[in-house]
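Okay, here's what each chain looks like letter by letter:
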Amino acid sequence: MKKYKRYLITSALPYANGPIHIGHLAGVYVPSDIFTRYLRMKGEDVVSICGSDEHGVPITLKARNEEFTPQEIVDRYHAITRRHLRISELHSIFIHAHQIRSIMRQLQIFS
């Protein structure tokens, strides 16, 4: 296997319209976390990035039903999910979806 300088592990973005659930954990976050921890135990340079998907009908419908703006729904559930993932240390970075390009440039992951 080719030796890389750095590894970037990403996970699917959960919709920011509700808290994470067992399906998120079992199907997405735990597998990427296991691979990230494995690489770190081997001494590899690893960054694990995830974020909230802030676009789509589910967010709009939730906002309409709860009489909030879509941005208020996104901000609320992004904070909840970020707090849950931080407690479990699943990702190095958990960001709003619109920040992904910016954070990747800032980290210069592939330079």
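Residues numbered from 1 in each chain as written. Predicted model: local features only at pLDDT ≥ 70, side-chain atom pairs only at ≥ 80, totals over all residues. Heavy atoms only, no water.

Undergrad: Teacher, can you tell me more about the packing of aromatic side chains here?
TA: We describe a pair of aromatic rings using the distance from one ring centre to the other and the angle between the two ring planes. Throughout the structure, instances matching the rule amount to zero aromatic pairs. The ring of F68 is capped by R76, whose NZ or CZ atom sits 4.9 Å from the centre of that ring. (Phe/Tyr/Trp six-rings, centres within 6.5 Å; stacked < 30°, edge-to-face > 60°. Lys NZ or Arg CZ within 6 Å of the ring centre and 35° of its normal.)

Undergrad: Explain the pattern of salt bridges here, please?
TA: Between side chains of opposite charge, pairing is possible as soon as their charged atoms come close. Considering all chains together, one arrives at four salt bridges under this definition. The closest approach of N and O atoms between D45 and R6, which form a salt bridge, is 3.2 Å. Of this pair, D45 sits in strand β2 (residues 45–52) while R6 sits in strand β1 (residues 6–10), placing them 39 residues apart in sequence. Salt-bridge contacts for D33 lead to R37; the nearest nitrogen and oxygen are separated by 2.7 Å. Placement of the pair is D33 and R37 together in helix α1 (residues 22–41), with a separation of four residues, close to one helical turn. The partly exposed category is assigned to R37, whose relative accessible area is 36%. Within the structure, one salt-bridge network assembled from shared partners comprises K62, E66 and R76. (Salt bridge = Lys/Arg side-chain N within 4 Å of Asp/Glu carboxyl O. Helix = DSSP H or I, 4+ residues; strand = E, 2+ residues; numbered from the N terminus. Buried < 20%, exposed > 50% of the residue type's maximum accessible area, 1.4 Å probe, protein only.)

Undergrad: Would you explain the nonpolar core in this entry?
TA: In globular proteins that are soluble, nonpolar side chains generally tend to be buried together. Core analysis: the biggest nonpolar cluster contains seven residues, these being A16, I59, A63, I73, V74, Y77 and I80. Broken down by secondary-structure element, the contributors of at least two residues to this core are α2 (57–66) and α3 (70–88). Considering each element in turn, this core owes the most residues, four residues, to α3. (Core = buried A, V, L, I, M, F, W, Y, C linked by side-chain atoms within 4.5 Å.)

Undergrad: Would you explain the environment of T10 in this entry?
TA: Topologically, T10 is positioned in strand β1. T10 gets classed as exposed once you look at its relative accessible area, which sits at 53%. For T10 and C50, which are 40 residues apart along the polypeptide, the C-alpha to C-alpha distance reads 5.8 Å. Setting aside residues up to four positions removed in sequence, T10 forms contacts with S32 and I49. (Contact = heavy atoms within 4.5 Å.)

Undergrad: Please explain the confidence of the model for the chain as it appears in this structure.
TA: For the chain, per-residue confidence averages 77 on the pLDDT scale, and 75% of positions sit at 70 or higher. Of all the helices and strands in the chain, helix α4 (residues 100–107) carries the lowest mean pLDDT, 57, while α2 carries the highest, 90. (pLDDT = per-residue confidence, 0-100.)

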